[in-house]
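Reading the structure
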Amino acid sequence: MLSQKTRYTIRALQHLADRFGQGPVRLDAIAADQNIPRKFLTVILSEMAREGIVNSHRGREGGYELALAPVDVRYGDIIRLTRGSLALVPCASRNAHEHCPNCLPEAECRLRGLMLQLRDETAAMLDRITLADPIALEPPFPEA
């Protein structure tokens, strides 16, 4: 599952992508429109500014805007920046590899092989999709 921080980050960056080239967007507007706590959003956007994805502008007409064109911001990169890995288990992470406690040796673990395939397919898909790509809204699942 994606962390709440990752989900907030994606929603905030989507909001900025929708307004790319229109000037800075006020923090309060992003927070209200995306239902993100203001304090949390401040931290998220500061981190994205340090990574070079967002520019912040101070002052009365200030706010935030994407530092890169939406076509240059891939969902895979956003998730890696906020979550650290696309892998579901530590032994399948390419960037933050760890041996799984209470598991078989990696050379004997078929679950690891499956998780590596899943991680690679997920990464390939998320690295193809950018903030510029349209994403269809899906209807909610019916109530059980």
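In the block above lies the structure referred to throughout.
Keep in mind it's a predicted model, so treat the numbers as computed, not measured. (Residues numbered from 1 in each chain as written. Predicted model: local features only at pLDDT ≥ 70, side-chain atom pairs only at ≥ 80, totals over all residues. Heavy atoms only, no water.)

Turning next to helix α3 (residues 38-50). The terminal C-alpha atoms of α3 lie 18 Å apart, and with 13 residues this matches the ideal 18 Å at 1.5 Å per residue to within 8%. Those residues of α3 lying buried are L41, I44, L45 and M48. Seen from one end, α3 has its buried residues packed into an arc of 95 degrees, which puts them on one side. Projecting away from the buried face of α3 at angles above 90 degrees are the exposed residues K39 and R50. Looking at the buried positions of α3, the neighbouring elements they touch are α1 (4-18), α2 (27-34), β1 (54-57), β2 (63-66) and α4 (75-83). G52 lies just past α3 and shows a positive phi near 85 degrees. (Helix = DSSP H or I, 4+ residues; strand = E, 2+ residues; numbered from the N terminus. Expected span 1.5 Å × (residues − 1). Buried < 20%, exposed > 50% of the residue type's maximum accessible area, 1.4 Å probe, protein only. Arc of directions from axis to C-beta. Contact = heavy atoms within 4.5 Å.)

Now for the layout of surface pockets. The volume enclosed by the largest pocket comes to roughly 240 Å³. Within the residue set of the lining of the largest pocket, elements represented by two or more residues are α4 and α5 (110-128). Along the lines of polarity and charge, the residues of the lining of the largest pocket split into nine nonpolar, one polar and two charged. The calculated volume of the second largest pocket comes to roughly 180 Å³. In this structure, the second largest pocket is lined by Q14, A17, D18, Y75, L131, A132, D133, P134, I135, A136 and L137. Residue contributions to the lining of the second largest pocket peak at three residues, all from α1. Broken down by class, the residue content of the lining of the second largest pocket amounts to eight nonpolar, one polar and two charged. (1 Å grid on protein atoms, 1.4 Å probe; cavity = no way out; pocket = protein on both sides within 12 Å on 5 of 7 lines; lining within 4 Å. Points joined across faces, edges and corners; volume = space filled by probe spheres on them. Nonpolar A, V, L, I, M, F, W, Y, C, P; charged D, E, K, R; others polar.)

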